[in-house]
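Geometric and topological summary
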Amino acid sequence: TCRRGALGPGSALAGRGAMLGVKDVAGGRYRHVNGVMAAFLRRPVSAIIGSCDAELFDAGIATALRAAEQTALSQREPLVSDHRFEWTGQRRDFSVLRLAVPSGAGGRVLCSVWTDQSAVRARDAQLKTALEQLELQQRANEALRRELTDQGLRDAASGLYTRSHFEDQ
């Protein structure tokens, strides 16, 4: 059982910026959301409780979320899925952990913990770009080293090997 309070699981998730949603499996309606989820949806918690995804998201997103939930419900252990979609004019990337658990009323609820991966993915893209630039620069430096080595072996005016290189050979 979870207790509400300063040290409860909802607070721990919110402190990490994670969103929490608990839905009734039978109806697909939210029973609980944390403040971070409510802020993301730009609605008060009271307006989200009792709503389903089709009422909160556009049809494409709601369909994708429902499909992921059905997959999670068919599993006996937690399932992690990634969701990428446009929200309030911004591209968002989420990793969602879903787990179906028995509820006190004899039914089941689906608990979902959403973690925003947008910053991580943006940082990964920046690192990939930086790495590509470094590799390109290393190839250019290697080409310059080969050119300098070759210039030291050849006469600049004639292009023929120098006498010292000829004698070394």
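Below or above, wherever it landed, is the structure these notes cover. (Residues numbered from 1 in each chain as written. Predicted model: local features only at pLDDT ≥ 70, side-chain atom pairs only at ≥ 80, totals over all residues. Heavy atoms only, no water.)

1. A word on the environment of Asp 58
Rules: Starting at the N terminus, helices and strands are each numbered in turn, a helix being any DSSP run of H or I of at least four residues and a strand any DSSP run of E of at least two. Definition of a polar contact: a pair of N or O atoms within 3.5 Å, with one able to donate and the other able to accept a hydrogen when the atoms are protein atoms, and with sequence-neighbouring residues admitted only if both atoms are side-chain atoms.
Among the secondary structure elements, Asp 58 is positioned in the loop between helix 4 (53-56) and helix 5 (59-74). C-alpha of Asp 58 to C-alpha of Tyr 30: the two residues are 28 residues apart in sequence and 16 Å apart in space. Within the structure, the side chain of Asp 58 is placed 3.2 Å from the backbone nitrogen of Gly 60, a separation counted as a polar contact. A polar side-chain atom of Asp 58 sits 3.0 Å from the main-chain amide nitrogen of Ile 61.

2. A few points about the nonpolar core
A general trend in soluble globular proteins is that nonpolar side chains are found buried together. Filter applied, for reference: Nonpolar core, defined: a set of buried Ala, Val, Leu, Ile, Met, Phe, Trp, Tyr and Cys residues in which side-chain atoms within 4.5 Å join the residues together. The cut-offs for exposure are 20% and 50% of the maximum accessible area for each residue type, with area from a 1.4 Å probe on protein chains only; residues under the lower value are buried, those over the upper are exposed, and the others partly exposed. Throughout, a residue-residue contact means that at least one pair of heavy atoms, one from each residue, lies within 4.5 Å.
Residues Phe 40, Leu 41, Phe 57, Phe 85 and Trp 114 are the most contacted members of the largest nonpolar core, which totals 17 residues. Contributions of two or more residues to this core are made by strand 2 (30-33), helix 2 (35-41), helix 5, strand 3 (79-87) and strand 4 (90-102). With 4 residues, helix 2 is the largest single contributor of residues to this core. Apart from residues lying up to four places away in sequence, Phe 85 is in contact with Phe 40, Phe 57, Ile 61, Gln 90, Arg 91, Arg 92, Phe 94 and Trp 114.

3. Points about unusual backbone geometry
The general pattern is negative phi for most residues beyond glycine and trans for most peptide bonds. The residue Arg 42 is not glycine, and still its phi comes out positive at about 55°. By the element assignment, Arg 42 lies in the loop between helix 2 and helix 3 (45-48). Residue Thr 88 is not a glycine yet carries a positive backbone phi of 50°. Mapped onto the elements, Thr 88 comes out in the loop between strand 3 and strand 4.

4. What about the sheet that holds strand 1 (residues 19-24)?
Formally: What makes two strands pair is DSSP finding at least two bridges between them. Structural elements are reduced to axes, namely lines fitted to C-alpha atoms, with helices fitted over the stretch in contact, and the angle between N-to-C directions of any two is expressed from 0 to 180 degrees.
Reading across the sheet, the 5 strands line up as 2-1-5-4-3 and stay open at both edges, with antiparallel pairing between neighbours. Strands at the two margins of the open sheet, each flanked by one partner only, are strand 2 and strand 3. The average angle at which neighbouring strand axes cross in this sheet is 25°, direction not considered. As paired strands, strand 1 and strand 5 (residues 108-116) are joined by 6 bridges and run antiparallel to one another. Note that in strand 5 the partner of Asp 24 across the bridge is Val 109. Set on the sheet, helix 5 makes contact with strand 1, strand 3, strand 4 and strand 5; between it and strand 3 the angle comes to about 175°.

5. Examining the pairing of strand 5
Here 9 bridges tie strand 4 to strand 5, and the two strands are oriented antiparallel to one another. For Ser 95, the partnering residue across the bridge sits in strand 5 and is Thr 115. The hairpin turn running from strand 4 into strand 5, its antiparallel successor, is 5 residues long, and Gly 106 in that turn takes a positive phi close to 90°.

6. Describing the pattern of salt bridges
Put simply, the rule is: By convention in these notes, a salt bridge is any Lys or Arg side-chain nitrogen within 4 Å of a carboxyl oxygen on Asp or Glu.
Counted by the stated rule, this structure contains 12 salt bridges. Across the pair Arg 146 and Glu 142 runs a salt bridge whose closest N-O atoms are separated by 3.8 Å. Pair noted here: Arg 146 and Glu 142 are both in helix 6 (residues 118-153), with a separation of 4 residues, about one helical turn. On the basis of relative accessibility, which here comes to 51%, the residue Arg 146 falls in the exposed class. By relative accessible area, which is 34% here, Glu 142 ends up partly exposed. For Arg 154, the salt bridge is made with Asp 150, and the minimal N-O distance between the two is 3.2 Å. Taking the relative accessible area as the measure of exposure, Arg 154 reaches 31% and is therefore partly exposed. Accessibility expressed as a relative area gives 34% for Asp 150, which makes it partly exposed. Salt bridges linked by common partners bring Lys 23, Asp 53, Arg 66 and Glu 69 together as one network.

By themselves, these figures tell us nothing about what the structure is for.
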